[in-house]
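Report on the structure
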Amino acid sequence: LTPEEQYELITRNLQEVLNPQIIKNVLEVEKRPLKIYWGTAPTGRPHCGYLVPMTKLAHFLKAGCEVTVLLADLHAFLDNMKAPLELVEFRAKYYERIVKSILRSIGVPIEKLRFVVGKSYQLTENYTLDIFRLSNIVSQNDAKRAGADVVKQVDNPLLSGLIYPLMQALDEEYLDCDAQFGGVDQRKIFVLAEENLPSLGYKKRGHLMNRMVPGLTQGGKMSASDPNSKIDLLEEPKQIKKKINSAYAAPGVVEGNGLISFIEYVVFPIFELKDDKPVFRIERPEQYGGPISYSNIEELKSAYASQDLSPQDLKLGVTDVINQLIEPIRNEFLNDE
Ligand code: TYR
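Here we take up unusual backbone geometry. For Lys-31, which is not glycine, the phi torsion reads 50° and is therefore positive. Position of Lys-31 among the secondary structure elements: in the loop between α2 (20-30) and β2 (35-40). Phi is positive for Gln-307, which is not a glycine, with a value near 60°. Along the chain, Gln-307 turns up in the loop between α13 (297-305) and α14 (311-336).

Dropping the structure here:
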């Protein structure tokens, strides 16, 4: 791939890029693989919403980037007083297996994928000292604001919520990356990192942000803590059908439709990685007009908007495609257990 093609793939479907010149410089001038990291705090069981950042990791890998997944165990601990460290550690291992399994099933090479557990370096002397150094630069107010969209907001906020963003900023230096990737909800932490790492003598990084995709079965962000809105990655086909069938989907309304967003940000990106001419096919029964195919998201959206595509048929298509996507993951895990 040319540097331009790499850049297109790296930034495809993103909502925002901060400091694109840092990224372009690596690709076009230094001509080396971009080092990028994504952090995930293992706070619950990963569900289908997890496939959204996975398609981006797939893009990064296909673009030749060196990708690091930070299994942010201490962050999960800091953000959730109820989760004991041992549970978080156990979940971190599970997350690693899930991420590998998903990426393998998407069909991207994972040799350039590295996993790092937070605790492996976040308890070292240098890192600890850097937390203290940073805490001498960042005001309580700025730390609080930085975490506002990420750290769980409670009535009597703990000190841990102020440490969390500082550590996420430091991770960029300690993981030796050129850029950090995350949802746009991480934006304020990303800006905190850009503004403060240089004061510690560290370089400023680029930031790549995914949009917040509405939950599959409801409008709004799909959260790991809401049991009704999530479809587990190892969910049985029967359950998937049931959950998708009860999903909220107003006829003709594309905006905020979690099923359509899933097709846009998971299904088509994955299909495109496998095939230049992706087709999303809905096996509509003959008595309702037979199978229908869409070769891009715009076609599907306009069919839905004009009500040529009904919510029932959309649900049928999504149920089938989810089963198809997660089947290899489920098989891998079931065979192991
Ligand atoms: N803040 C991220 C989340 O909301 C997790 C994370 C933790 C990311 C540490 C990066 C990092 O360095 O899931």
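Moving on, we come to the domain arrangement of the protein chain. Split by domain assignment, the protein chain resolves into domain 1 (3-210) and domain 2 (237-336). Inter-centroid distance (C-alpha atoms) of domain 1 to domain 2 is 30 Å. Counting from both sides, the interface comprises 17 residues of domain 1 and, opposite them, 16 residues of domain 2. Buried area between domain 1 and domain 2, summed over both chains or domains, comes out near 1500 Å², and the portion from carbon and sulfur atoms is 68%. If you sort the residues of domain 1 by the area they bury against domain 2, Leu-51, Arg-97 and Ile-106 come out on top, with a joint share of 29%. Residue Arg-104 pairs with Glu-332 through a salt bridge whose shortest N-O separation is 3.1 Å. Here domain 1 is connected to domain 2 by four residue pairs in polar contact (both at pLDDT 80 or more). Listed by contribution, the elements that provide at least two residues to the side of domain 1 that touches domain 2 are α3 (51-62) and α5 (85-106). Take the side of domain 1 that touches domain 2: its biggest share by element is eight residues, from α5. Here the residues of the side of domain 1 that touches domain 2 are counted per class, giving eight nonpolar, five polar and four charged.

For the structure on display, the rule yields 18 salt bridges. For Asp-176, the salt bridge identified is with Lys-35, shortest N-O distance 3.1 Å. Placement of Asp-176 in the loop between α9 (160-174) and β5 (179-183) and of Lys-35 in strand β2 is noted, with a sequence separation of 141 residues between them. Note that Asp-232 and Arg-45 form a salt bridge whose closest N and O atoms lie 2.7 Å from each other. Pair noted here: Asp-232 is in the loop between β6 (206-210) and α11 (237-245) and Arg-45 is in the loop between β2 and α3, with a separation of 187 residues, a long-range link. Here Arg-45 falls in the partly exposed class, since its relative accessible area comes to 41%.

What counts, and where the lines are drawn
- Residues numbered from 1 in each chain as written.
- Predicted model: local features only at pLDDT ≥ 70, side-chain atom pairs only at ≥ 80, totals over all residues.
- Heavy atoms only, no water.
- Helix = DSSP H or I, 4+ residues; strand = E, 2+ residues; numbered from the N terminus.
- Domains from an automatic or database assignment.
- Contact = heavy atoms within 4.5 Å.
- Buried area = accessible area lost by both parts, 1.4 Å probe.
- Salt bridge = Lys/Arg side-chain N within 4 Å of Asp/Glu carboxyl O.
- Polar contact = N/O pair within 3.5 Å; in protein donor to acceptor, adjacent residues only side chain to side chain.
- Nonpolar A, V, L, I, M, F, W, Y, C, P; charged D, E, K, R; others polar.
- Buried < 20%, exposed > 50% of the residue type's maximum accessible area, 1.4 Å probe, protein only.

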